Structures are given as C-alpha cells and as structure tokens.
Amino acid sequence: MDRIRIVGGNQLSGTIPISGAKNAALPLMIASLLTSQTLTLENVPHLADVEQLIRILGNHGVDYSVNGKRGHQNGVGGYSRTINFTAANIVDTTAPYELVSKMRASFWVVGPLLARMGVAKVSLPGGCAIGTRPVDLFIDGLQKLGAEIDVDTGYVVASAKNRLRGDRYVFPKVSVGATHVLMMAATLARGETVLENAAREPEVVNLADCLIAMGATIHGAGTSTITIQGVDELTGADVRVIPDRIETGTYAMAVAMTGGDVLLEGAQPDLLQAALDVIGRTGAEITPTNAGIRVRRNGAGITPVDVTTEPFPGFPTDLQAQFMGLMTMSKGKSRITETIFENRFMHVQELARLGAHITLSGQTAIVEGVGKLKGAPVMATDLRASVSLVIAGLAAEGETMVNRVYHLDRGFERLEEKLSGCGAVIERISG
Ligand code: UD1
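The rules behind the values
- Residues numbered from 1 in each chain as written.
- Predicted model: local features only at pLDDT ≥ 70, side-chain atom pairs only at ≥ 80, totals over all residues.
- Heavy atoms only, no water.
- Salt bridge = Lys/Arg side-chain N within 4 Å of Asp/Glu carboxyl O.
- Helix = DSSP H or I, 4+ residues; strand = E, 2+ residues; numbered from the N terminus.
- Buried < 20%, exposed > 50% of the residue type's maximum accessible area, 1.4 Å probe, protein only.
- Axes fitted to C-alpha atoms, helices over the stretch in contact; angles between N-to-C directions.
- Parallel < 35°, antiparallel > 145°, perpendicular 65-115°, else oblique.
- Left-handed = near helix turned anticlockwise from the far one by under 90°.
- Contact = heavy atoms within 4.5 Å.
- Nonpolar A, V, L, I, M, F, W, Y, C, P; charged D, E, K, R; others polar.
- Pairing = 2+ DSSP bridges.

## Quick notes on the pattern of salt bridges
One pass over the full model with this rule turns up 20 salt bridges. The residue Lys 418 makes a salt bridge to Glu 247 at a minimum N-O spacing of 2.6 Å. Of this pair, Lys 418 sits in helix α14 (residues 415–420) while Glu 247 sits in helix α8 (residues 245–258), and the two are 171 residues apart along the sequence. With a closest N to O distance of 3.5 Å, Glu 397 and Lys 372 form a salt bridge. With a gap of 25 residues between them, Glu 397 in the loop between α12 (383–395) and β24 (398–403) and Lys 372 in the loop between β22 (364–368) and β23 (377–379) connect regions that are remote in the sequence. By relative accessible area, which is 55% here, Lys 372 ends up exposed. Because the salt bridges share partners, they merge into one network encompassing Asp 2, Asp 409, Glu 416 and Arg 428.

## Brief notes about the packing of helix α4 (residues 110–117) against helix α6 (residues 176–187)
Between α4 and α6, whose axes approach to 8 Å, the crossing angle comes to 15°. What the angle tells us is that α4 and α6 run roughly parallel. For the pair α4 and α6, the crossing hand works out as right-handed. Across the interface between the two elements, Val 110, Gly 111, Pro 112 and Ala 115 from α4 touch Val 181, Met 184 and Ala 185 from α6. Per-class residue counts for the contact of α4 with α6 are six nonpolar, one polar and no charged.

## Notes on the sheet that holds strand β10 (residues 155–159)
Strand order in the open sheet formed by four strands is β7-β8-β10-β9, with mixed pairing between adjacent strands. The open sheet has two edge strands, β7 (94–95) and β9 (148–152), and neither has a second partner. In the sheet, β7 pairs with strand β8 (residues 119–123) via two bridges, with the strands oriented parallel. Residue pairing in the sheet places Ala 95 in a bridge with Val 122 of β8. Its contacts with the sheet place α4 against β8 and β10, and it is angled at close to 160° to β8.

Geometric values such as these leave the question of function open.
This is the structure in structure tokens:
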C-alpha cells in the first residue's frame, strides 16, 4: 500500500493549479444516464472516484472517450480532461454491491435510471466511514414523485412504471446527494416538482446548469427552493466542471499553516467565501486576483478562530479536518463544532500523534494551539482527514509518514506534485 513521506518545515511558495471539483464531476457524469445523446464534460479531474464511477456507468452501458480517445485511458490528459459520456442504450439497470460499496455517490444513479428506464436496483452505498449516512431522504423523495420502493437484501429496488410525476417535496434535512438525485429524477417526470429546503451547494448549481443545457427546465438552483418542469427527453450538452472549492480551501490552509505565498490558480472565491473569511481571520492574507486566489502568511502567528460546519454557504464539513490541523498551531484555544456528520473526528487522534492538543466534547473539538508540531507516522482514515494529516506534516518539524493514502487518491489530483512544485518535501513511496 502506498505511503506519503513528508519532511516538514518548508514554507510554500509558487502556483498551485486547482482541479475540477470531484463533487461536481460525479453528479454531472451520472446525469449522462438521462439522455441517449453525448454529454461532454470539460475539466474532469483524474481521481480514483472518477475512474470508479466510469466503471459503474460502463456497467449500465455508458460509452466514454477521454480527450477524444476511446477505451481505458487511465492517466490521460494532464490536469483537466474532457470526457464524452454516451448512454445510447442502458443495458443494465442494476448497480451491484461490488461497485457501489466503494463509493457512496454511485448510489445516485438511482435517480436517472428510474426516471429514464422506469426501474432501478441499486445497492445500498459504502464510501467514507464518517457516520451512518442513511438513504432515507432519497427513498422518501422518490416515493413522493410516485416511485414504488422496496429495500431488499441490501438493495433499493425502485420502479415507476408510468413515469415519475412531479410533486412538492420538503427535505427534512439538507442533503446534497438527495438534492442532486431528486433534481435529476424530476427533469423527466410528468409535470412540476418543487424541492424545498434543497441544498444550495455550488455543485448543485453546476448540475442544474448542466441539466438546463441538456434541455431541462429548472429554476432556483442555488436557493433553497428549486422548481423543475418535467420534459419528455433530454439531449446532449457540453458542460464545464467547476473548480474544486475543497481543494482550494485545503491548499489555502496549508499556506496559512506553513507560511509562504501561493497563487491558487483557477480558484473561485465565491465558492468558499465562508472558509476564506475564516482563514483570513487566522492571520493569512487572502487576495482574489484575475488568475485565482493568492494566499500569503509571513511571520505573523496563527490566531485561533472558532468554527461550526454548516451546509453551504456556511463553513464546509469537508474542510473541518484541515482547519483543525491549522488550529493545532494557533496561539490559543479554538472550538470546532461538526454539525453535518457524526463521527467525523477520526483525524483527532492522528493529529495528536504529531503533538496536537485536542479534546472532544460531543460534536465539538477543543483545540489548544501548540507552538510547533513534530513529525510522526500517522494513518489516513477518510478522504478529508487524510489531507489534514498531509498539511499538518508539511508544517511539522521532521518526518511524517502518512499510511493508507488510497483515501487521498480518491479526492486530490496529483497532490505530491502540486505541493512539491511549491517547495514542499513530499514523496510517494509505492508498495
Ligand atoms: C456530499 C459530499 C461530501 C460532503 C457532504 C456534505 C459528494 C460526492 N459528497 O455528500 O463530500 O461532506 O455532501 O457537504 O458530493 N442524510 C440523511 N439521509 C439521507 C441522506 C443524507 O440523514 O438520505 C444525512 C447525512 O447522514 C448527513 C447529512 O444528511 O448527516 C448531509 O449529508 P449529504 O449532504 O447527503 O452528504 P452527501 O451528499 O453524501
């Protein structure tokens, strides 16, 4: 199993290109199931989760080509790939356990399959071990649109023989995935669907823009009420994946932690304003430029800031672990409260191995800043937790060895290359 070795202590300086967002690319790829025509996606990151979803879509009959080349093109295409997806014929409406268990988002195929084919059998999902992550909202919402659903031997079996029909659904809790799925399903339903208390994340807007380009009628994406008028069929389109706001925030926090001066090229400040405001309050200088976002911290100590995770536009849960890494080196005490997922503090004990002082009280972590961290062997647990260990390792004195890095490969494109390009001592050790 690969490991990442870091020798900490260097400031970061230079340019880091920001990749297309994993969390936007995945639902856009799944939207290709809604039409027999070709959906072209630009700026698709090269990540394990994207490759896994390509396999899952292939199982349903989706053809694809990467940068104009057909077949298995792993590794093709630099930082930003253009991938054509064509679901001319859906050959299988079952998404099996072996495939879905590796990545939670693959469960989302249930929406388009049901809407286009009238049936779907999808395994209950797997993914990061960050809480129970049920699928009750997907089931409730699809039932509201007229689907019949059974949960049988680990599978959600859904049917809508006479097409889904529009209705009003109020999400009891904000869910990004359930918003994606109901929005996709409603595009091909009969009549009007109104989704209330919908997720407002930029990835939902990217998906809505894609569906609109495919011929859907959708209003209000990015607000908590989304209205969809069903149409008979959708067409192909050409859509660009938005820049990754979690990757952006992660590297901004890395610079805030190590010090230095980095341009996050292609980053878009409005996608993560709440997080940028917080990073600014810790003492780093954040400057939006034409090319992206410039992050600087020179000399000044790190000021503690309290943070509570919230759905967009609040501070994202996917930056919580990284922010905790930053706070371990602050000049005082900070409180970090997680409200989206239970059990998303697995990085706490690993950060402690680097010398951090953190105590947990329910869903709040109290971080006592220490002057410096010291390198140690640590274990990556989930995707975002893993990268918090990497950035802490960059700031720690001496060597940090991050084990089980396959989590990182799910969500961070060319991490070592991007960081070593800015002066970090970081390398992958294979095997
Ligand atoms: C997405 C992101 C993930 C991010 C999360 C929250 C992708 C691929 N993943 O995950 O990186 O951390 O949004 O911003 O985009 N819930 C239920 N029942 C359901 C569905 C969700 O109770 O049927 C709960 C979840 O357990 C969680 C909360 O709702 O407590 C929010 O989860 P959700 O927004 O659905 O997360 P994902 O879409 O899985």
